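Understanding the architecture of this molecule
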Amino acid sequence: GRMWAYTVGFTVLPHVGGFLGWFLNRKEIPAWYEKLKKPSWCPSRRVFPVAWTMLYTGMGYASYLVWNDLGGCSSKAIVPMGLYGAQLALNWAWPPLFFGAHNLNMVMGLPCLLWGALG
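Note that this is a predicted model, so its numbers are computed, not measured.

Helices and strands together make up the secondary structure of the chain, namely 5 helices and 0 strands. Reading the chain from its N terminus to its C terminus gives the helix and strand order α-α-α-α-α. Per-residue burial for the chain yields a buried fraction of 26% across its 119 residues. Within the chain, counting contacts between residues at least 6 apart in sequence, those at least 24 apart form 67% of the total. In the form shown here, the chain has an accessible surface area of approximately 8100 Å², with 72% of it arising from carbon and sulfur atoms.

Following this line, the structure appears as structure tokens:
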């Protein structure tokens, strides 16, 4: 029934922004990112789609579990789901800032904002 649809919806949601970020910046990855000076231990760029797919899937499913445990669209879910939404928006902001705008200063500030959203 409906719970299956909610499970899939919550699990897929984080991938929407991740896919859009990749799609909009896909030309910048080989053109700009590959030319950056990176440390020797920097993983191959092929690792990132796999890692982010696992992370976004886990985040999405965990958000469903929290939402479901707190009774769906109830007042108890507003704060945790709001913090999750803010954290997700900051995650989605990373590719346009990094690959699109090449704004390394803003990208370095995002972990601080993410930490604040998690706290």
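Right, picking up where we left off after that structure.
A contiguous nonpolar surface patch, about 1000 Å² in accessible area, is contributed by Trp4, Val8, Val12, Leu13, Val16, Phe19, Leu20, Trp22, Phe23 and Leu24. Note that Leu24 resides in helix α1 (residues 2–25). Classification of Leu24 as exposed rests on a relative accessible area of 65%.

For the rest of this paragraph, the subject is the packing of aromatic side chains. Centre distance and the angle of the planes are the two values used to describe a pair of aromatic rings. The tally for this structure, following the rule as stated, stands at 6 aromatic pairs. With a centroid separation of 4.8 Å and an interplanar angle of 50°, the aromatic rings of Tyr6 and Trp67 are classed as tilted. With a gap of 61 residues between them, Tyr6 in helix α1 and Trp67 in helix α3 (residues 47–69) connect regions that are remote in the sequence. The exposure class assigned to Trp67 is buried, which follows from its relative accessible area of 10%. Among the aromatic residues, ring-to-ring pairing joins Tyr6, Phe10, Tyr61, Tyr64 and Trp67 into one connected group.

Next up on the list: the UniProt feature "transmembrane region" (unreviewed entry) in the chain. UniProt records the feature "transmembrane region" (unreviewed entry) at residues 6–25 and 46–67, using the numbering of this structure. Across residues 46–67 one finds 95% helix and 0% strand; the C-alpha atoms that close the span lie 33 Å apart.

Judged by nonpolar contacts, Phe10, Tyr56, Met59, Tyr64, Trp67, Ala77, Met81, Tyr84 and Leu88 together constitute the single largest core of 9 residues. Counting residues per element, the ones that place at least two in this core are α3 and α4 (75–100). Not counting residues up to four positions away in its chain, the partners in contact with Phe10 are Gly60, Ser63, Tyr64, Trp67 and Met81.

Segments scoring low in pLDDT should not have their predicted coordinates read at a detailed level. When pLDDT is averaged across the chain, the result is 80; 76% of the residues are at 70 or more. Mean pLDDT across the secondary structure elements of the chain bottoms out at helix α5 (residues 104–118), with 60, and peaks at α3, with 92.

Right, let's talk about α3 for a bit. When the terminal C-alpha atoms of α3 are compared, their 33 Å separation across 23 residues agrees well with the 33 Å that a helix rising 1.5 Å per residue should span. Among the residues of α3, those classed as buried are Tyr56, Met59, Gly60, Ser63, Tyr64 and Trp67. Trailing α3 by a residue or two, Gly71 shows a phi angle of about 85°, which is positive.

How each quantity is defined
Position labels on residues start from 1 in each chain and follow its written sequence. In keeping with the predicted nature of the model, local features appear solely for residues at pLDDT of at least 70, side-chain atom pairs appear and are counted solely at 80 or more, and the whole-chain, interface and lining totals rest on all residues. To obtain the side-chain values, all non-hydrogen atoms of the structure were used and water was disregarded. Starting at the N terminus, helices and strands are each numbered in turn, a helix being any DSSP run of H or I of at least four residues and a strand any DSSP run of E of at least two. Using a 1.4 Å probe on the protein chains alone, a residue whose accessible area is under 20% of its type maximum counts as buried, one over 50% counts as exposed, and one in between counts as partly exposed. In this description, contact between two residues means that some pair of their heavy atoms is separated by no more than 4.5 Å. A 1.4 Å probe and the Shrake-Rupley method give the accessible areas. Residues count as covered only by the protein chains that appear here. Residues forming no salt bridge and having over 30% relative accessible area are the ones grouped into patches, like charges within 9 Å of each other and nonpolar side chains (Val, Leu, Ile, Met, Phe, Trp, Tyr) within 5 Å. Salt bridge, as applied in this entry: a Lys or Arg side-chain nitrogen positioned within 4 Å of an Asp or Glu carboxyl oxygen. In this analysis, rings of Phe, Tyr and Trp, with Trp reduced to its six-membered ring, are considered paired at centre separations within 6.5 Å, and the interplanar angle assigns stacked below 30 degrees, edge-to-face beyond 60, and tilted for intermediate values. UniProt positions are given in the numbering used here, feature names are shortened, and annotations may be inferred rather than shown by experiment. Definition used in this section: a nonpolar core is a set of buried Ala, Val, Leu, Ile, Met, Phe, Trp, Tyr and Cys residues joined via side-chain atoms within 4.5 Å. You can read pLDDT as the predictor saying how much it trusts each residue, on a scale of 0 to 100. The length a helix should cover is 1.5 Å for every residue beyond the first.

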